[in-house]
Every structure is written in structure tokens, then in C-alpha cells.
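Breakdown of the fold
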Amino acid sequence: MNSISIKELDLKYQDAHVLKQLNLNIKKGEFLVLLGSSGCGKSTLLNCIAGLLDISAGQIWINDRNVTWEEPKDRGIGMVFQSYALYPQMTVEKNLSFGLKVKGMAKGEIRERVDRASKILQIEPLLHRKPSELSGGQRQRVAIGRALVRDVEVFLFDEPLSNLDAKLRADLRVEIKRLHQKLKNTMVYVTHDQVEALTLADRIAIMKNGEIQQLSTPADIYHKPCNLFVAQFIGSPSMNLLEGRIVGENFVYQDYRVNLMGYEFINQGDHDENAFLGIRPEHLALEPRDGYVKLISAKIDILEPMGDETIVWFDFMGRKWSVKVHGDHQLKWDEDADIYLDPKKAHLFAKQGEVRL
Amino acid sequence: MEQIQLTGPHGPKPKKTTVSRLGVYAFLFSAAVFFCIPLYVMLITSLKGMSEIRLGELFSLPGDPSFAAWVKAWGEACSGVECNGIQTGFWNSVKITIPSVAISIILGSINGYALSFWRFKGSNLLFGILLFGAFVPFQVVIFPLIIFLREVGLYGSLTGIILIHTIFGMPIMTLLFRNYFSSLPDELFKAARVDGANFWQIFFQIMMPLSIPVTVVAVILQTTGIWNDYLLGLIFAGRENLPMTVQLNNIVATTFGVREYNVNMAATILTALVPLAIYLLSGKYFVRGIAAGAVKG
């Protein structure tokens, strides 16, 4: 059963086509993350779902009700914004109850709902403070509370953690996940942070130029990116790339030849075409391992120690390549190292159309 | 612990008084003096008696300071044939200024709010037209306005002059509030919409309480503007409601008997007292108001 259903959604401004014939079904209780770089239309899509933007064409269904022409308040949604958007002159309690009061709800019930939400979010001691007296994390918790008291099916998050510092972001991320497991609401979450997307989502929709590139589970998106854009977008550092040609069982790049034994092609059969070979830094090694084949030997350009792991950069035929190795590795700058590759973990994309092979 | 001796530059950089800095101060000081001298002359002249004024010693302090001229200016000075002092004008100005300021600010803030948050087709055009109003010289519209007010029967009435001030205040008030509301985060408005608040609920419960700083600026701008107005008051207010500025002119210009400089000075200071008080009470906001008017108007 679908909680949100977007059908042929189109949004145009005079000079820009922001969303292009977008179709998306979100299941009840699902945590869906809209991921993309700025300007890809992910926040716009969320605003369309919320009813804060007028659409050019298409339909939006929420809980099997066509809400395309309905006001935000009638759509059964709660929304959390990046800037928190708390009403500065009101106390936390008033912030939480404003929407209910506007609705004309009885005082007793407002009390009850505010109490329940503040208990869930552990903001009870803050109820009588103004937003200016709260820390960033507390503010965002109140903003979530404002969506919570509305007692709605669907939660919309618009980059809720982007204004917080790294540590707080990680903490609140876990809390949002916990909240979802507890409430089992449908949540749509917009972010440009791939870590947030991978950790929170049941499914991720990666967007680019107003179109969904891939809609899949985090594991699928990481292990089987459907095109070059998705492959390069997910993962840090980005996937290493080689441009060459598939000839039989080999990927040929100038004088180099990589045996593709074990790679799962989408279409079985013979391949003979120009292609990109991609491999994530964590799927390369600097020592021989089972199933790995030697790729090249190259000079270490830069070492980036990060404690538990070290990122080793190479200059490989004019491209920057990175390899993730264990932090204990004893490596020196300017030394030569052998790079080994696991063909099973490699990715092949057609030069034409840049789709996965 | 061992104290380390530092040689060479250390600690805060020493402040040096350069020649150019002194020059700047000298210029500012003389400019201040230039503007203060008339005020000084007015003040001491208003405290002198006529016999002392006739000595022609413009800058000397009064030998026997008295507020007699002030009392006369307030209650007995003659403008034309009436000798009630400038107080009638003061109260007329109060009656004109308070409603005009209030109404123009309320309407301007609603305009600004609607234009910055509730974008509708043609809202930018409407704003452009409204702004254009700020650049149309008074003189161009005075005659049509006289005819308009005459036709609706408001010419020469208190309501008429309040209406005129409201109209003339609209462009700058709308601009001021629109710019202020545009600087507020859009998400605040979106959050209120998701919460289900309507046009007026968002305005009165969310936006109005947030716009206190700009409202103070608006009050200052409008109060000084309307209080100091001469032309509109003279034309539209009618004989019964002439504002203080017009009456001041009448008192000073009355050539009947002795020209009482001390009374004229006192009346002038009394008239200027309201803008002066506003300036002194809200210096910081006043500067902001002028800046808003200058840069954005």
C-alpha cells in the first residue's frame, strides 16, 4: 500500500524545467531519502509533496487521496526544515501547540499531545524557553516535535541536520532513525549527505536535474549503481575510473589488461564495446589477495591518514586514483606500490549512455 | 615557570594618531559647530527680553533668562487675527500625525507582508507601480488630488489630510516592510502554512511580533515626515486643522506691531521639539530609518 504516490509530476518555471515527469511510489512506513547535489530538485519535490509549491502537471496522492489541489494543512503531513523555522517569539510549548490552536483543538487535547511529543523527544525541561535560548540540536528536536504533535502519517524532512556540527549531526541522525522505528510513520528525507542517506534510508532516490536516477536500497545503490553518475556520487572518495574497451573477457586500457572473470554482467553474452571501468577505493588493495588481480604499479602521490584507515593517492595515467587501506599499513610517500583489484567488485559502464553493463 | 622575553613587535598594535585622522576630526567638529550655532542662537534669543535683543549681541548669553517668550508663543502669539498661540497648531498636528502614522504603517506592513510571502501573478508589477509612487513629485498630483477630495467631500477636513498622508506614505512603508519581510527566512512562513495558519493568522501571530524593529523605524520615519509636513497640511487640512508648521509660519510672518524675535524663536523650537525628541529618544533607530529611506527609497 502506498503512502505517497507521485504521478507524472512536472514543475516548470519560465526558464527552468525543475522536475520532469516524475513518478515515485512510497510505501507505508517507509523511510525514503531523496539524495542529490544542490539544484537537483530534491527540495523542490519535497515542497511539492507538502503543497508549498504549485506544480505544473501531474498528481500527488497521499494515503490514497488525491491531494494535488489541497492546502498543506489538509494533506496530513508534518514538515521539518533545515533552518528549524521555529517561531522566535514563542516558547517551545507555544511553538508545538500553535498549529493545534489554529485548528481550534480543545485545550486538554493540545496539552496531551504536547506532553506526549515532548516526552518522546525528551524536551520536557525546555518547554518554557524561547528558541533563542536553545542549542541547535535542541531546536531541531523542537522542530521535529512540531511535526509530531500534528499526529500525521507522513513526515517530511528538508535537510534537517545540515545546520548542525558534525558530532551533533551523527547523534541526531541516530535519534531520527530510532524515532522512525518507534513511530513507523512514512518519512521522506531530503539530504545531500550520502552518509545520512545510506544510514537512514529503506530506499534512496538519487536525483539529478529533476529526474530520479536510481531508486533502490542503500546496499543496491552502493554495490550496483545503475549509471556512472550514481556510481560517482556515492562513496568517498569517489569511485576510481578508467576509460577503455571491453574485449571478450578483458577490459583493455592502453597497454593494461584487466581480466573480468567473475564480473556479473546485466546482459550475459559477448561484449565488445567502449566502456568505463569503475572501482571503489575500498575494493583495491596494495597487497595480493584471493581473487584479486594486479592492475599496475605506481608511485604514491599523497597519503591521507585518518586513524583507522589511510587513503593512498596515486597518479595513474593522468588520473587521480585512491586506495583505502588499513591504518596500520606502513607506507611512505614517493614509494612505489602495487595495486590489486577485485574484478567481482568492479563496475562497468557503457561509454554510450553511461549505464551499467 | 620561566618568563620568556619577547623582542620586536608584540601584543596589541599601538594606536597612532595620524595627521589625516586629526584632519577628519577637525572637519567633523567644525561641521557640528556649524549646525549647532543656529540652535544655540535660537535657544538664547528665546530666553532674552526684547530690550536685550535690540542690543544686537547675537551670541551673548541672556542677562536675565526668562521663559516668558515661550509662554507667549504657546498660548498668546497671534497668527493673523487670532491670538491663541501655537498650541492650536500643536494639537492639530497631533490629531493629524497619530492616525496617519498608525494607518499608513498598518497598511504598509500588510502590503509588504502580502508582497513578500503571498506571491501572486502580477505582484511584482504591483510593487513596481507602488514604488513608482515614491518618485512622483508631490506637485504633479496635488491638483488632481484636490479635485478628487472635493468630489468625495473630504477636502479641507481632518479625514482628508489623514487620507493624503496615508497615500503618500504607502510606497515607502510598503518598501520598508517588504524588504524586512523578505529578509526573514522563507521556511518560517512555510512552517506556519504547514501548521495550518491562514493569511491573517500568519500576519498577526507570526510576522507582526517579529517586525517590531522595522515598525520602530517606520514610526520614526512617518512621524518626523508627517509632523514636518507643511505643503500638504496647508493645502488639504482646511482652516480648522492647520498643522503646527503652517501656524508657525503664520505667527512668524505676521507683520503686525513689533516683531518679537524671542517669541518667534520659542515657537520655532516648540514646533521642532517633537522630531527632536524622537531623534534623541531613538538615536540608533533614527539613523537606521534614515538609512532605510535613503538607500532603499
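Residues numbered from 1 in each chain as written. Chains lettered and ligands numbered in written order. Predicted model: local features only at pLDDT ≥ 70, side-chain atom pairs only at ≥ 80, totals over all residues.

Take the overall build of chain A next. Along its length, chain A carries 8 helices and 20 strands. Overall, chain A is about 75 × 45 × 35 Å in size when its C-alpha atoms are taken along their principal axes. Out of the 357 residues belonging to chain A, those deemed buried represent 39%. In chain A, of all internal contacts separated by at least 6 residues, the share reaching a separation of at least 24 is 66%. (Helix = DSSP H or I, 4+ residues; strand = E, 2+ residues; numbered from the N terminus. Buried ≥ 20, exposed ≤ 12 C-beta atoms within 10 Å, placed from the backbone. Contact = placed C-beta atoms within 7 Å.)

What follows concerns the environment of Ile296(A). Residue and element names in this part refer to chain A. By secondary structure assignment, the location of Ile 296 is in strand 16 (residues 293–305). On the basis of neighbour counts, which here come to 17 C-beta atoms within 10 Å, the residue Ile 296 falls in the partly exposed class. Separated by 177 residues in sequence, Ile 296 and Lys 119 have C-alpha atoms that sit 58 Å apart. In this structure, Ile 296 is in contact with Tyr 256, Phe 316 and Ile 339, ignoring residues within four places of it in sequence.

All names here are of chain B. Feature annotation in UniProt assigns "transmembrane region" (unreviewed entry) to the following positions: residues 22–43, 96–118, 125–148, 154–177, 198–221 and 263–281. Annotation note: span residues 154–177, helix share 83%, strand share 0%, distance between end C-alpha atoms 29 Å. Between the C-alpha atoms that bound residues 198–221 there is a distance of 30 Å. The span itself is 92% helix and 0% strand. (UniProt positions renumbered as here; feature names shortened; annotations may be inferred.)

Okay, the sheet that holds strand 14 (residues 272–279) of chain A next. Residues and elements named next belong to chain A. Judged by pairing direction, the sheet is antiparallel, and its 5 strands sit side by side in the order 13-12-11-14-20 without closing on themselves. The sheet terminates laterally at strand 13 (256–259) and strand 20 (347–350), the two strands that pair on one side only. Pairs of neighbouring strands in the sheet enclose a mean axial angle of 40°, with direction left out of account. (Pairing = 2+ DSSP bridges. Axes fitted to C-alpha atoms, helices over the stretch in contact; angles between N-to-C directions.)

On to the domain arrangement of chain A, then. All names here are of chain A. Domains assigned within chain A are domain 1 (2–232) and domain 2 (233–350). Contacts between the two partners involve 11 residues from domain 1, matched on the other side by 8 residues from domain 2. At the level of secondary structure, the elements contributing two or more residues to the side of domain 1 that touches domain 2 comprise helix 7 (218–223) and helix 8 (228–233). Looking at the side of domain 1 that touches domain 2, the element that brings in the most residues is helix 8, giving 5 residues. Class assignment for the residues of the side of domain 1 that touches domain 2 results in 8 nonpolar, 3 polar and no charged. (Domains from an automatic or database assignment. Nonpolar A, V, L, I, M, F, W, Y, C, P; charged D, E, K, R; others polar.)

With that out of the way, let us pick up the nonpolar core. Residues Leu156(A) and Val188(A) are the most contacted members of the largest nonpolar core, which totals 138 residues. Sort the elements by how many residues they give to this core and helix 7 (residues 158–183) of chain B lands first, with 12 residues. Counting 12 residues, the second-largest nonpolar core is a separate cluster that includes Ala77(B), Val263(B), Met265(B) and Ala267(B). (Core = buried A, V, L, I, M, F, W, Y, C linked by C-beta atoms within 7 Å.)

Let us look at unusual backbone geometry. Residue and element names in this part refer to chain A. Look at the link from Ser 236 to Pro 237: it is a cis peptide, with omega at -5°. Position of Pro 237 relative to the elements: it lies in the loop between helix 8 and strand 11 (240–247). Despite not being glycine, Tyr 84 shows a phi value in the positive range, around 70°. Relative to the helices and strands, Tyr 84 resides in the loop between strand 6 (77–80) and helix 2 (92–103). In this structure Tyr 84 comes out as buried when scored by C-beta crowding, with 25 C-beta atoms within 10 Å. One non-glycine residue with positive phi stands out, namely Gln 122, at about 55°. Mapping Gln 122 onto the fold places it in the loop between helix 3 (107–121) and helix 4 (136–148).

It is worth spelling out helix 4 of chain A at this point. All names here are of chain A. The terminal C-alpha atoms of helix 4, which comprises 13 residues, lie 18 Å apart, in line with the 18 Å expected from a rise of 1.5 Å per residue. With 11 of 13 residues buried, helix 4 lies mostly within the body of the structure. Within helix 4, burial applies to Gln 138, Arg 139, Gln 140, Arg 141, Val 142, Ala 143, Ile 144, Gly 145, Arg 146, Ala 147 and Leu 148. (Expected span 1.5 Å × (residues − 1).)

Glancing now at the UniProt feature "domain: ABC transporter" (unreviewed entry) in chain A. Mapped onto this numbering, the UniProt entry gives "domain: ABC transporter" (unreviewed entry) at residues 4–234 of chain A. Counted over residues 4–234 of chain A, helix gives 37% and strand 26%. Its end C-alpha atoms are 26 Å apart.

Let us now look at the interface of chain A and chain B. With 16 residues of chain A at the interface, the matching set in chain B holds 14 residues. No other element matches the 4 residues that helix 2 of chain A contributes to the side of chain A that touches chain B. A per-class count over the side of chain A that touches chain B returns 11 nonpolar, 3 polar and 2 charged.

This brings us to the sheet that holds strand 17 (residues 309–316) of chain A. Residues and elements named next belong to chain A. Taken together, 5 strands build an open sheet; the order of strands is 15-19-16-17-18 and the sheet is antiparallel. Each edge of the open sheet carries a strand with a single partner, namely strand 15 (284–285) and strand 18 (319–326). The sheet contact formed by strand 17 and strand 18 spans 8 bridges and is antiparallel. Counted as the bridge partner of Asp 315 is Lys 320 from strand 18.

This paragraph deals with the packing of helix 4 (residues 87–117) of chain B against helix 7 of chain B. Residues and elements named next belong to chain B. Where helix 4 contacts helix 7, the two axes come as close as 6 Å, and the packing angle between them is 35°. Every pair of crossing elements has a handedness; the one defined by helix 4 and helix 7 is right-handed. Among the residues making up the contact of helix 4 with helix 7, the classes are represented as 17 nonpolar, 12 polar and 2 charged. (Left-handed = near helix turned anticlockwise from the far one by under 90°.)

Another aspect to go through is the domain arrangement of chain B. Residue and element names in this part refer to chain B. The domains assigned to chain B are domain 1 (21–66) and domain 2 (88–296). A separation of 33 Å is found between the C-alpha centroids of domain 1 and domain 2. In this complex, domain 1 contributes 7 residues to the contact, which on the side of domain 2 involves 7 residues. Mapped onto the side of domain 1 that touches domain 2, the elements with two or more residues apiece are helix 1 (19–47) and helix 2 (50–54). Here the side of domain 1 that touches domain 2 is built from residues that sort into 4 nonpolar, 2 polar and 1 charged.

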